[in-house]
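# Architecture and fold: a report
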Amino acid sequence: MSKTIVANFKMNGSSEFIKNWIFEFKQNHKSKNNIILAIPHIYLSEFNGFDLNVAAQNVSSKKDGPYTSQISAKMLQDTQIKYCIIGHSESRKYLNESNAEIMEKFNELIQYEITPIVCIGEPQEVRTNNDTIGYLKSQVSSFKSFRRKIIFAYEPIWAIGTGEHAENDDINEVVDFLRSEFDQEIEILYGGSINVENCDDLHEKTDINGLLVGGASLNPKEFAKIAAL
Ligand code: PGA
């Protein structure tokens, strides 16, 4: 089964960097997986259509109007963007995004036929209190009314950029929980300190459908190995 592998560049790169990255990635990559490149908004149009899918890293929950700095789902559709990450913990934290607002973004994207990649994940204190499933339940509950396929990316906040990733058993517990919560098809990606050394084990021993890779995705050769799962 083909996997979904997302490279999340976050606020890194430049036009030159992305051009070179795509060139090197293509020389090294040989899988049939669905590769998605989440790059800063300003480069989306430039790199859409290099036979890789590009994704926006966020979208406004509003349609249009006086929302300086924001970009709407309709604008993403207008530039033929097919995917958009929403609910990344860095957006939740630095932009103060609530679960309700993330649901509004989801509805906007669906309306304009853009596939959302919905990030969820617990902070360290929730993990310490053994309440991960309860916390995730509150993050996903409003998505249950949507009847079509959803892509979730499970990214424990304590694992992002820390070098510490979730244990396989813990990931499987989250996967089982999400599959039991949703009747419709869901795709579950894992993200948080993925690298070349740990990706095979995660792939073999967990029931995930793909990966969302941050730091390690900036190296095109390394990402090509991860993407060849
Ligand atoms: P990381 O980031 O791979 O650098 O931990 C993952 C993410 O934030 O999407």
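Reading the values: rules and limits
- Residues numbered from 1 in each chain as written.
- Predicted model: local features only at pLDDT ≥ 70, side-chain atom pairs only at ≥ 80, totals over all residues.
- Heavy atoms only, no water.
- Salt bridge = Lys/Arg side-chain N within 4 Å of Asp/Glu carboxyl O.
- Helix = DSSP H or I, 4+ residues; strand = E, 2+ residues; numbered from the N terminus.
- Buried < 20%, exposed > 50% of the residue type's maximum accessible area, 1.4 Å probe, protein only.
- Pairing = 2+ DSSP bridges.
- Axes fitted to C-alpha atoms, helices over the stretch in contact; angles between N-to-C directions.
- Contact = heavy atoms within 4.5 Å.
- Near = heavy atom within 4 Å.
- Polar contact = N/O pair within 3.5 Å; in protein donor to acceptor, adjacent residues only side chain to side chain.
- Areas by Shrake-Rupley, 256 points an atom, 1.4 Å probe, with all protein chains shown as cover.
- Nonpolar A, V, L, I, M, F, W, Y, C, P; charged D, E, K, R; others polar.
- Right-handed = clockwise from strand over helix to strand, strands pointing away.

## A few points about the pattern of salt bridges
- Counted according to the given criterion, the structure contains 12 salt bridges.
- Across the pair Lys137 and Glu181 runs a salt bridge, and its minimum N-O distance is 4.0 Å. With Lys137 in helix H7 (residues 132-140) and Glu181 in helix H8 (residues 168-181), this pair connects stretches of sequence that are 44 residues apart.
- Of the charged contacts in the structure, one is a salt bridge between Arg147 and Asp183, with a shortest N-O distance of 3.8 Å. Of this pair, Arg147 sits in the loop between H7 and strand E6 (150-154) while Asp183 sits in the loop between H8 and strand E7 (186-191), and the two are 36 residues apart along the sequence. When sorted by exposure, Arg147 lands in the same class as Asp183, which is exposed.

## Remarks on the sheet that holds strand E5 (residues 115-120)
- Ordered by their spatial adjacency, 8 strands build a closed barrel running E1-E2-E3-E4-E5-E6-E7-E8, and the pairing between neighbours is parallel. Sheet twist, expressed as the mean angle between neighbouring strand axes with direction ignored, is 25°.
- Sheet analysis places strand E4 (residues 83-86) next to E5, joined by 4 bridges and oriented parallel. Within E5, the residue paired with Tyr83 across the bridge is Thr115.
- Contacts between helix H5 (residues 99-111) and the sheet are confined to E4, E5 and E6, with E4 contributing the most and set at about 175° to the helix.
- Sheet strands touched by H8: E5, E6 and E7. Its angle to E7, the strand with the most contacts, is close to 155°.

## A few points about the site of the ligand
- Among the 13 residues in the neighbourhood of the ligand, the closest are listed as Lys10, His88, Glu155, Gly161 and Ser193.
- Separating an oxygen atom of the ligand from a side-chain N or O atom of Lys10 is a distance of 2.7 Å.
- A distance of 2.8 Å separates an oxygen atom of the ligand from a polar atom in the backbone of Gly214.
- Relative to its unbound accessible area of 280 Å², the ligand is 94% covered by the protein chains.
- Its residues assigned to classes, the shell around the ligand comprises 4 nonpolar, 7 polar and 2 charged.

## Overview of the pairing of E7
- Along E7, 6 of the 6 residues are buried, which leaves the element largely enclosed by surrounding structure.
- Burial along E7 is two-sided: the face carrying Ile186, Ile188 and Tyr190 and the face carrying Glu187, Leu189 and Gly191 are both buried.
- Of the strand pairs in this sheet, E6 and E7 are connected by 5 bridges, and their pairing is parallel. Residue pairing in the sheet places Ala153 in a bridge with Leu189 of E7.
- For the segment spanning E6, H8 and E7, crossover handedness is right-handed.
- Where E7 lies against strand E8 (residues 210-213), 3 bridges are found, and the strand directions are parallel. What sits directly across from Leu189, in E8, is Gly210.
- Handedness of the E7-helix H9 (residues 196-205)-E8 crossover: right-handed.

Everything listed is a geometric property; what it means functionally is a separate question.
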